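Read off the chains here:
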There are 2 protein chains.
Amino acid sequence: MKHCIFLSFFFLFCFISNNAQEKEFDTTYRPTNYALKVEKFRSFPNSKEDIIFLGNSITEYIHWNELLQLPQARNRGISGDTTFGILERLDEVTEGQPAKIFLLIGINDISRNFPDKLILRNYRKIIERIKTDSPETEIYVQTILPVNNTFTKYKNHYNKDEHILHINKELKLLAEEYNLNLIDLHPYFLDDTKRLDSAYTEEGLHLNAAGYQHWAKILKPCLN
Amino acid sequence: MKHCIFLSFFFLFCFISNNAQEKEFDTTYRPTNYALKVEKFRSFPNSKEDIIFLGNSITEYIHWNELLQLPQARNRGISGDTTFGILERLDEVTEGQPAKIFLLIGINDISRNFPDKLILRNYRKIIERIKTDSPETEIYVQTILPVNNTFTKYKNHYNKDEHILHINKELKLLAEEYNLNLIDLHPYFLDDTKRLDSAYTEEGLHLNAAGYQHWAKILKPCLN
């Protein structure tokens, strides 16, 4: 009887602490107009020649076809998105069996305090799902860009550099393990103080026109 | 002397009332990240084959190249933009001497209570500037879409239907006067109660995927 009571309390504790942990970060959050944006993506025709740019606002906020002069470029960025969002809408990307996917995701996960392990578990799921559902697609994993905490607009994103560095280190190992292309963007965007170079940003998180031109130069060799 | 005093007061009155009128609506307002967005547009190469979609959020919120399967489509929509913004950044559009410009602008002017006369004066300026600076460009003027006041999100935009109707009527006359193509979108998007059909919108102002597909069908004959 004593055992039963002890076990009941133990399970109750596990249940409560598990729920408490879930509440520290909300993985079900999706940005405004998320469903509407995904619905528009689904309304477009697919082609096996599509080159997909998949990610969050940093991917959304540029016209890739113009930046790269690449008619088959497809913007699949959604502002505020996380690895959970990518998993949720990944079928829209893989169903067209695109030629290439350029993936850049994770900074919003970090800003929302998702544990690095969870982010990396999701990366693994994303990669495995693409490999299974669209085996001919070439995957390009891009390392997470640095931020710059001398700006003030995105307080939840700054001062988490050790998480960015850890995830980027692990992304390189993942790319090796799964035999993927790895584009190590991060060092290209650093200034002398190891922050996102203010030549490329107006607020320490997103890129300005010069930042996107810089990115385009790094990508060019992968597009021939 | 009496005349001088009278005239001084008269000019002072004109000055004050003119300033007061200016303050009823702020024509210098530009949305967040406006300069940043224009800077990105300026960073892209131009081509005489470009087909420009010029306008506000309704134009910005769709990937035109995918919707229309038109590689030369260029998105020059900026959320929140007005006829004043278009005039300010029009040189970025005309400098490339594009093949076509599809213009849809004015609902934010109306939401900000700009007088119809002022909006139409700006339309005239936009048309004349394009004709002067890029004389080979085919101009397509699109009538302003209806809104739907059974939704609640965009209170400043609803219940100004008579302004939409008046401007649209005048746009048709302008198109005739300047010998432009006129695409009368407005009636295609109405429901039986003369509102923006809720099949095409989630909040009474912007379009959903079905709305854009509907628009695409209307545009198709102009793109061959």
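Residues numbered from 1 in each chain as written. Chains lettered and ligands numbered in written order. Predicted model: local features only at pLDDT ≥ 70, side-chain atom pairs only at ≥ 80, totals over all residues.

Re the overall build of chain A
Move 1: The secondary structure content of chain A amounts to nine helices and five strands.
Move 2: Listing every helix and strand of chain A by position from the N terminus yields α-α-β-α-α-β-α-β-α-α-β-α-β-α.
Move 3: Counting over 224 residues, chain A shows a buried share of 36%.
Move 4: Within chain A, contacts between residues separated by at least 24 positions form 73% of all contacts whose residues are at least 6 apart in sequence. (Helix = DSSP H or I, 4+ residues; strand = E, 2+ residues; numbered from the N terminus. Buried ≥ 20, exposed ≤ 12 C-beta atoms within 10 Å, placed from the backbone. Contact = placed C-beta atoms within 7 Å.)

Some remarks on the relation of the copies chain A and chain B
Move 1: Expressed as a screw operation, the relation of chain A to chain B combines 0.0 Å of axial shift with a rotation of 180 degrees, fitting to an RMSD of 0.0 Å. This pairing of chains is accounted for by a two-fold axis. Relative to the rotation axis, the closest C-alpha in chain A is found at Pro71(A), a distance of 2.6 Å.
Move 2: Most of the interface of chain A is mirrored in chain B, where 100% of its interface residues again form contacts. (Least-squares fit on C-alpha atoms with pLDDT ≥ 70 in both.)

What to know about the sheet that holds strand β4 (residues 138-142) of chain B
In a beta sheet, neighbouring strands are held together by backbone hydrogen bonds and run either parallel or antiparallel to one another.
Residue and element names in this part refer to chain B.
Move 1: Pairing in this open sheet of five strands is parallel, and the strands run β2-β1-β3-β4-β5 from one edge to the other. The strands lining the two open edges of the sheet, one partner per strand, are β2 (73-77) and β5 (181-183). When the angles between neighbouring strand axes are averaged without regard to direction, this sheet yields 20 degrees.
Move 2: Two elements, β4 and β5, share three bridges in a ladder whose sense is parallel. Note that in β5 the partner of Gln142 across the bridge is Ile183. (Pairing = 2+ DSSP bridges. Axes fitted to C-alpha atoms, helices over the stretch in contact; angles between N-to-C directions.)

Here's the deal with the nonpolar core
Taken as a class, soluble globular proteins show a tendency for nonpolar side chains to be buried jointly.
Move 1: In terms of nonpolar packing, the biggest core is built from 43 residues, with Ile52(A), Leu54(A), Ile101(A), Phe102(A), Leu103(A) and Tyr140(A) touching the most fellow members.
Move 2: Residues within four places of Ile101(A) in sequence aside, it is in contact with Ile52(A), Leu54(A), Val93(A), Ile130(A), Thr137(A), Ile139(A) and Tyr140(A).
Move 3: Membership of the second largest hydrophobic core comes to 42 residues, among which are Val93(B), Ile110(B), Val141(B) and Ile183(B). (Core = buried A, V, L, I, M, F, W, Y, C linked by C-beta atoms within 7 Å.)

With respect to unusual backbone geometry
Move 1: In the Ramachandran plot, Asn179(A) falls in the positive-phi region, its phi being about 60 degrees despite a non-glycine side chain.
Move 2: Here Asn179(A) shows up in the loop between α8 (161-178) and β5 (181-183).

Considering the pairing of β2(B)
Residues and elements named next belong to chain B.
Move 1: Along β2, five of the five residues are buried, which leaves the element largely enclosed by surrounding structure.
Move 2: In β2, alternate side chains face the same way, and those of Ala73, Asn75 and Gly77 on one face and Arg74 and Arg76 on the other are all buried.
Move 3: Across five bridges, strand β1 (residues 51-55) lies against β2 in parallel orientation. Within the sheet, the bridge partner assigned to Leu54 lies in β2 and is Arg76.

Focus: the confidence of the model for chain A
All names here are of chain A.
Move 1: Residues at a pLDDT of 70 or more form 90% of chain A, whose mean pLDDT is 93.
Move 2: A low-confidence stretch, residues 16-22 stays under pLDDT 50, and its non-local contacts, those more than four residues away or across chains, total zero contacts.
Move 3: Reported confidence for the predicted complex is 0.89 by ipTM and 0.90 by pTM. (pLDDT = per-residue confidence, 0-100.)

A short note on the interface of chain A and chain B
Move 1: Listed as interface residues are 20 residues of chain A and, on the opposing side, 20 residues of chain B.
Move 2: Among the secondary structure elements, those contributing two or more residues to the side of chain A that touches chain B are α2 (34-43), α4 (64-67), β2 (73-77) and α9 (209-219) of chain A.
Move 3: Per-element tally for the side of chain A that touches chain B: the top contributor is α2(A), with four residues.
Move 4: By residue class, the composition of the side of chain A that touches chain B is eight nonpolar, seven polar and five charged. (Nonpolar A, V, L, I, M, F, W, Y, C, P; charged D, E, K, R; others polar.)

Observations regarding the environment of His157(A)
All names here are of chain A.
Move 1: The residue His157 is located in the loop between β4 (138-142) and α8 in this model.
Move 2: Taking the C-alpha atoms as reference points, His157 and Ile78, 79 residues apart in sequence, are found 17 Å from one another.
Move 3: Once residues within four sequence positions are removed from consideration, His157 is found in contact with Ile107, Ser111, Val147 and Leu205.

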